[in-house]
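An overview of the molecular structure
Chain residues, written in single-letter form:
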Amino acid sequence: MLDDIQVIVSDFDGTLLDDDKHLPEQFPALLDALEQRGIRFIAASGRQYYNIRKQLPDGMADRVDYIAENGAMTVRNNEICWVDEIPMSDVADIVRTVRSTPGCYPILCGADCAYFENGDITEMVYHANMYYARLDLVQDVLEAAAADRICKIAVFHNHDAEHVSYPALLPFADRMQVALSGDCWVDVMNKSVSKGAALTELLHRMQVSPAQCMAFGDYLNDIQLLQSSGHPYVMENAHPQLLELFDHTSGHNNHGGVVKTICRELGIQI
């Protein structure tokens, strides 16, 4: 049993949430138990900050900290700590590439809102609405971006991001972070951005060591997050690369694997 855990961080989609995007039924009780022990929970996701909050109803949203936009934005005690802004010249270059790649569409993610420019793509709008609580349809995303701080560009391709949008964006990998974050999504951010770097920064603010942190993830954009924690756990449903990299698994996301593992490792009964 782990005796000195101070922080628990979990990815959301494919990890804490089930495939229907629902929290485990026992999560509110678990959050209560963690607070009683002085353990802080961090929600980590490629999702927009405002969207992550919507996944935590009944006052839970104010009781956790956040790593949003794959680490490009962090929130501690309900205050934005950091936005890793992409220079507009890079934003423009990436948008031009995405516009010229068939079937690919950009969403520009800012500190205040996210912006997209093609409302006719029903599948993209459906997926985008799952991940963005603040999402504006605009005539030109570059024009809208000029009034915000863009920290991530999410590129959508319907179910084949790994073989279409990801290769198209790899030429930017020499100066940008290009992360495959799901079947439909590739995220482009500054080189300095990762969930792991964001976790390290938050742990420093909390004066907590990696050895006092548990982390949970399931996809390639969770690798640095898991490496930055002293106690990493990957889901049974994780990408094969994660299952090769890390020793400990945490059950399946559809069966409340995160909650069950935390309860087992910390001796919590709920």
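The rules behind the values
- Residues numbered from 1 in each chain as written.
- Predicted model: local features only at pLDDT ≥ 70, side-chain atom pairs only at ≥ 80, totals over all residues.
- Heavy atoms only, no water.
- Pairing = 2+ DSSP bridges.
- Helix = DSSP H or I, 4+ residues; strand = E, 2+ residues; numbered from the N terminus.
- Disulfide = S-S within 2.5 Å.
- Buried < 20%, exposed > 50% of the residue type's maximum accessible area, 1.4 Å probe, protein only.
- Contact = heavy atoms within 4.5 Å.
- Phe/Tyr/Trp six-rings, centres within 6.5 Å; stacked < 30°, edge-to-face > 60°.

1. So, the pairing of strand β5 (residues 79-83)
- Bridging between strand β4 (residues 73-76) and β5 involves four bridges; their strand directions are antiparallel. Pairing of Arg 76 across the sheet is with Glu 79, part of β5.
- Taking the residues between adjacent antiparallel strands as the criterion, β4 and β5 are bridged by two residues, where Asn 77 takes a positive phi near 55°.

2. Describing the state of the cysteines
- A complete count under the given rule lists zero disulfides for this structure.
- Cysteine Cys 109 remains unbridged, with the sulfur of Cys 151 as its closest cysteine sulfur at 6.5 Å.
- We classify Cys 109 as buried; its relative accessible area is 0%.

3. Overview of unusual backbone geometry
- Here the phi dihedral of Glu 69 falls at roughly 50°; this positive angle occurs in a residue that is not glycine.
- On the basis of relative accessibility, which here comes to 1%, the residue Glu 69 falls in the buried class.
- With phi around 70°, Asn 78 is a residue other than glycine that occupies positive phi space.
- Residue placement: Asn 78 occurs in the loop between β4 and β5.

4. A few points about the environment of Ala 61
- Relative to the helices and strands, Ala 61 is located in the loop between α3 (49-54) and β3 (65-68).
- On the accessibility criterion, Ala 61 (8% relative accessible area) is buried.
- C-alpha separation for the pair Ala 61 and Asn 78, spaced 17 residues apart in sequence, amounts to 8.7 Å.
- Not counting residues up to four positions away in its chain, the partners in contact with Ala 61 are Arg 53, Leu 56, Tyr 66 and Asn 78.

5. Describing the packing of aromatic side chains
- Taken as a whole and judged by the stated rule, the model has six aromatic pairs.
- Look at Phe 27 and Phe 41: their rings are 5.2 Å apart centre to centre, the planes differ by 70°, and that puts the pair in the edge-to-face class. Note that Phe 27 is positioned in helix α2 (residues 27-36) and Phe 41 in strand β2 (residues 40-44), a separation of 14 residues in sequence.
- Under the relative-accessibility criterion, Phe 27 is labelled buried at 0%.
- You can call Phe 41 buried: its relative accessible area is 1%.
- Through a chain of ring-to-ring contacts, three or more aromatic side chains come together here, namely Tyr 49, Tyr 50 and Tyr 66.

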